[in-house]
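Residues per chain are reported as follows:
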Amino acid sequence: MELSKEKYITVRMAQGQGVRTIEELKEKTDITIDSEEELKHIETLLKNACKCKNVSIETVVEAVKNGAATVEKVGEATGAGTACGRCKGIKTNIIENKR
């Protein structure tokens with residue numbers, strides 16, 4: 001079972017606003033998690049910054065801590081955002097908040 005498109009978009013938009021945990025997601029959105037399987041999909045998604053290149057939030061945070069201070073530099077260092085670019089908001093948030 002995959003997440004519905006609506007829930008996927010909700011999670012990704014929330015990540016662009018700094019959400020990194022299930023608890024934060026529930027606080028900042030009206031998402032309902034209907035099953036353990038759905039919960040696992042959301043937890044996996046929350047750990048991922050770039051789905052196209054399968055780059056984790058942790059990898060992007062490390063790149064930022066190591067000096068990648070722009071979306072372009074993060075892309076060069078990690079590959080994140082070098083395919084479709086839809087993760088730009090998430091990368092920007094990580095750069096701004098260092099998390």
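The structure this text deals with has already been given above.
What counts, and at which threshold
Along each chain, residue indices are assigned from 1 in the same order as the chain's sequence is written. The model is predicted, so local features are restricted to residues of pLDDT at least 70 and side-chain atom pairs to those at 80 or more, both for listing and for counting; the totals for chains, interfaces and linings are taken over all residues. Excluding hydrogens and water, the side-chain values take into account all heavy atoms of the structure. Elements are defined by DSSP. Helices are runs of H or I of four residues or more, strands are runs of E of two residues or more, and each kind is numbered from the N terminus. When a residue's accessible area, from a 1.4 Å probe over protein chains only, is under 20% of the maximum for its type it is buried; when over 50% it is exposed; and in between it is partly exposed. In what follows, salt bridge is the name for a side-chain nitrogen of Lys or Arg lying within 4 Å of a carboxyl oxygen of Asp or Glu. In this tally, Asp and Glu contribute negative charge and Lys and Arg positive charge; neither His nor the terminal groups of the chain are included. Between two residues, a contact is recorded if the distance between any of their heavy atoms is within 4.5 Å.

Draft legend 1. Quick look at unusual backbone geometry. Even without being glycine, Asn 54 reaches a positive phi, approximately 50 degrees. With respect to the helices and strands, Asn 54 occurs in the loop between strand 1 (48-50) and strand 2 (55-56). With relative accessibility at 61%, the residue Asn 54 sits in the exposed group. Not every positive phi belongs to a glycine, and Lys 98 is a case in point at roughly 55 degrees. Mapped onto the secondary structure, Lys 98 falls in the segment after helix 6 (88-97).

Draft legend 2. Spatial organisation of the pattern of salt bridges. Scanning the model with the defined rule gives four salt bridges in all. Its salt-bridge partner being Glu 38, residue Lys 7 comes within 2.8 Å of it at the nearest N-O pair. Note that Lys 7 is positioned in helix 1 (residues 5-16) and Glu 38 in helix 3 (residues 36-46), a separation of 31 residues in sequence. With relative accessibility at 13%, the residue Lys 7 sits in the buried group.

Draft legend 3. Examining the side chain of Lys 91 more closely. Relative to the helices and strands, Lys 91 is located in helix 6. Notably, Lys 91 is buried but unbridged: the nearest opposite-charge side chain belongs to Glu 72, and the N-O separation is 7.4 Å. Ignoring sequence-local partners within four residues, the contact set of Lys 91 consists of Val 71, Val 74, Gly 75, Ala 80 and Gly 81.

Draft legend 4. Inspection of the side chain of Asn 48 at higher detail. Tracing the backbone through its elements, the reader meets Asn 48 in strand 1. Ignoring sequence-local partners within four residues, the contact set of Asn 48 consists of Arg 12, Gln 15, Asn 54, Val 55, Ser 56 and Ile 57.

Draft legend 5. Representation of the environment of Ala 63 in the model. Position of Ala 63 among the secondary structure elements: in helix 4 (residues 57-65). Residue classification places Ala 63 among the buried residues on the basis of a relative accessible area of 10%. With 16 residues separating them in the primary sequence, Ala 63 and Lys 47 have C-alpha atoms 15 Å apart. For Ala 63, the residues in contact, after removing those within four places along its chain, are Ala 68, Ala 77 and Thr 78.

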